[in-house]
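# Fold and contact review
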Amino acid sequence: MELHTHTVEGTDPRLFAEVFTPEGGSANLRPVLLLHGFASSSQLNWRDSGWVDALTAAGRTVLTVDLPGHGRSAAPADLDAYRPSRIRADLLQLLMDAAVRPLADADPTAGVDIVGYSLGSRLAWEFGATQPELVHRMVLGGPGSGDPLADFDLPAARASLADGVAIADGTTAELLRMARLAPGNDLAALLSMVEAVKGEPFVPADAVPSMPLLLVAGDQDRLAATAPELAGLSGQAELLLLPGRTHANAVTSRAFKDAAIRFLA
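Here is a short report on the structure shown in this document. All chains use their own residue numbering, which begins from 1 and follows the written sequence. Totals for whole chains, interfaces and linings use every residue, but because this is a predicted model, local features are given only for residues with pLDDT of at least 70 and side-chain atom pairs only at 80 or more, for both listing and counting. Side-chain metrics in this entry use all non-hydrogen atoms of the structure; hydrogen atoms and water are not considered.

We now examine the packing of aromatic side chains. Each pair of aromatic rings taken from Phe, Tyr and Trp, with Trp reduced to its six-membered ring, is defined by centres within 6.5 Å and is described as stacked if the planes are under 30 degrees apart, edge-to-face if over 60, and tilted in the remaining cases. Under the counting rule described, the total for this entry stands at 4 aromatic pairs. Ring geometry for Trp46 versus Trp51: centroids 5.5 Å apart, planes at 85°, classification edge-to-face. The same class applies to Trp46 and to Trp51, which are both buried. A network of ring pairs unites the aromatic residues Trp46, Trp51, Tyr117 and Phe256 as a single cluster. The rule for a charge over a ring is simple: NZ of Lys or CZ of Arg within 6 Å of the ring centre, and within 35 degrees of the ring normal. Sitting over the ring of Phe263, Arg137 keeps its end group 4.5 Å from the ring centre. Buried, partly exposed and exposed residues are distinguished by accessible area as a fraction of the type maximum, computed with a 1.4 Å probe on protein chains only: under 20%, between the cut-offs, and over 50%, respectively.

Going along the chain from the N terminus, every DSSP run of H or I of four or more residues is numbered as a helix, and every run of E of two or more is numbered as a strand. Burial analysis of strand E4 (residues 112-117) places 6 of its 6 residues in the buried class, the great majority of the element. Where strand E2 (residues 32-35) and E4 come together, 4 bridges link them in parallel fashion. Residue pairing across strands places Leu33 opposite Ile114, the latter belonging to E4. Here 5 bridges tie E4 to strand E5 (residues 135-141), and the two strands are oriented parallel to one another. For Val115, the partnering residue across the bridge sits in E5 and is Val139. Following the chain from E4 across helix H4 (residues 119-130) to the adjacent parallel E5, one finds a crossover that is right-handed. A pair of strands is treated as paired once DSSP finds two or more bridges between them. For the handedness criterion, the strands are oriented away from the viewer, and a crossover whose path from the first strand over the helix to the second runs clockwise is classed as right-handed.

With that out of the way, let us pick up helix H8 (residues 227-234). Turning to H8, its buried residues number three or more, namely Ala227, Leu230, Ala231 and Ser234. Buried residues of H8, viewed axially, fall in a sector of 100°; they line one side. On its buried face, H8 sits against H4, strand E6 (213-218) and strand E7 (237-242). Gly235, located one to two residues past H8, shows a positive phi value of around 75°. Think of it as the arc spanned by the lines of direction from the helix axis to the C-beta atoms. Should any heavy atoms of two residues lie within 4.5 Å, those residues are counted as being in contact.

Attention now moves to the packing of helix H5 (residues 154-163) against helix H6 (residues 170-181). Running from N to C, H5 and H6 cross one another at 50°; their axes reach a closest spacing of 10 Å. As the angle between them shows, H5 and H6 are arranged oblique. As H5 packs across H6, the resulting crossing turns out to be right-handed. Listed contacts from H6 to Ala157, Ser160 and Leu161 of H5 are Thr172, Leu176 and Arg180. Its residues assigned to classes, the contact of H5 with H6 comprises 3 nonpolar, 2 polar and 1 charged. For helices, the fitted line uses only the C-alpha atoms of the stretch in contact; every axis is such a line through C-alpha atoms, and the angle between N-to-C directions lies from 0 to 180 degrees. Note that the term roughly parallel is reserved for angles under 35 degrees, roughly antiparallel for angles over 145, roughly perpendicular for angles of 65 to 115, and oblique for everything else. Two helices that cross are described as forming a left-handed crossing if the nearer one is turned anticlockwise from the farther one by less than a right angle, and a right-handed crossing if clockwise. Polar here means any residue outside two lists: the nonpolar Ala, Val, Leu, Ile, Met, Phe, Trp, Tyr, Cys and Pro, and the charged Asp, Glu, Lys and Arg; Gly therefore counts as polar.

A few words on unusual backbone geometry. Even without a glycine there, the phi angle at Ala99 is positive, about 65°. By the secondary structure assignment, Ala99 is in the loop between helix H3 (84-97) and E4. Here the phi dihedral of Ser118 falls at roughly 60°; this positive angle occurs in a residue that is not glycine. Among the secondary structure elements, Ser118 is positioned in the loop between E4 and H4.

Function cannot be inferred from these measures alone, as they are strictly geometric.
Written out as structure tokens, the structure reads:
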């Protein structure tokens, strides 16, 4: 079921969001918000990889949202729409529209759990740190203390798209390759996201979530090599490494799903 349109500070962000109810239709546990990665979508990150089915089978209501310029959400021309701080405001309004209530002792339906992947993990970290009254637990996939989008070589990427110029930076080249793989991706919007993130780079020590965290990464994931640093900042984090998995395929791991469901339960 698609969520109704909502406004943030009088503006409709035109984010495509859906709610999936658990098998049997009961809702005895708090919902789970899923935040996808850069150049992906809720469909690619969460539905096609089996996350929505696994969570609803475990009795959880699932909220999904496509980030600006991704999936079925709008691709605004306004750069502010892509700033992490603005996206966090949009997410807060989305949860309010979904009737998510502040956490309350002995009420398993109050608040929200969050599962993020890659860029979604960065957004979740900051959202959990700033909204501790709403967030119960979080699972962060492919996380790191660095910010690959802040280090992204934007001029080189634009030159590559315009003229086929080779990109010297390996991480930039890989991220652009991933962005071009998904059918229908709006590359101009994705580069606007990169530009906006550069204006608000990720500094995890500035605001640390206070709730329990599960950090999950493939042991071959270069972008998540600094996940132990995030765990150290938290003091309430468990770290799970998935053998043989990379940043591109860790999200499909059944072990990842099972660990997340156990942790959130």
